[in-house]
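Notes for the structure review
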Amino acid sequence: PLSIGFVCAPEYIPGQFSAPTVDSTCPYHHAALLFVDISGFTRLSTLLDVESLSNTINKYLENLISEVEAHGGDVLKFCGDAFFAEWRYDVDNTLVSNNTGDDDAGDNSSLATTLCNAALCGSSIVQKYSQYCVEGLPSDVAVLDVHCGVGIGKMAALHVGNNERRREFLVL
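In this text, all values refer to a predicted model and were calculated from it rather than measured experimentally. (Residues numbered from 1 in each chain as written. Predicted model: local features only at pLDDT ≥ 70, side-chain atom pairs only at ≥ 80, totals over all residues. Heavy atoms only, no water.)

1. Some points on the nonpolar core
- If you look at the biggest cluster of nonpolar residues, it comprises 25 residues, and the most contacted ones within it are L44, Y60, L64, W87, I125 and L144.
- Listing elements by their share of this core, those giving two or more residues are β3 (29-39), α2 (50-70), β5 (82-89), α3 (111-129) and β7 (143-155).
- Here the element with the most residues in this core is α2; it accounts for 6 residues. (Core = buried A, V, L, I, M, F, W, Y, C linked by side-chain atoms within 4.5 Å. Buried < 20%, exposed > 50% of the residue type's maximum accessible area, 1.4 Å probe, protein only. Helix = DSSP H or I, 4+ residues; strand = E, 2+ residues; numbered from the N terminus.)

Now the structure itself:
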């Protein structure tokens, strides 16, 4: 049977089709969310063999993911040639440590700083990796580009499906 449940790391809690209330066993979490979308992939897929395409995209994504990690974010999900990264903060507006290695919240204690971390990451990605030249192809033939969007607020994570059939991870 198909099931939908809310995720409270590290456990899976089955739920209903409707969203839980704040008092439920799996509350929403607060986070800044960065959406990163690559453009130029479809054009590139018509010009490169599978192995070259895979190597190019993997190298490009490695650069983008390194940028997210350098800014203290966590990659949540890949969606084709795009991905979501998040910067969590608790209900007291304290940034939840994400890969920074720095346990002292210090300057990262406000909602505004959490949003700035995600926005600065997106800005850095666009600045460094827009008009990315593909090795072996002239730039007038194909380049990879990147676009980013940032949101912030209360979110919930869902698993839709089950272990026997397709299962998806959603962020609401």
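2. Description of the environment of I152
- Mapped onto the elements of the fold, I152 is located in strand β7.
- The partly exposed category is assigned to I152, whose relative accessible area is 36%.
- Along the backbone, I152 and A118 are 34 residues apart, and their C-alpha atoms lie at a distance of 9.3 Å.

3. Things to note about the packing of aromatic side chains
- Using the criterion set out here, one finds 4 aromatic pairs in the structure.
- Centre to centre, the rings of F35 and F84 are 5.0 Å apart; their planes meet at 50°, and the pair counts as tilted. Residue F35 is located in strand β3, and its partner F84 is located in strand β5; the two are separated by 49 residues in the primary sequence.
- A relative accessible area of 34% means that F35 is categorised as partly exposed.
- Ring centres of Y60 and Y129 lie 6.3 Å apart, and the angle between their planes is 90°; on these two criteria the pair is classed as edge-to-face. With a gap of 69 residues between them, Y60 in helix α2 and Y129 in helix α3 connect regions that are remote in the sequence. The pair Y60 / Y129 is uniform in exposure class, with both members buried. (Phe/Tyr/Trp six-rings, centres within 6.5 Å; stacked < 30°, edge-to-face > 60°.)

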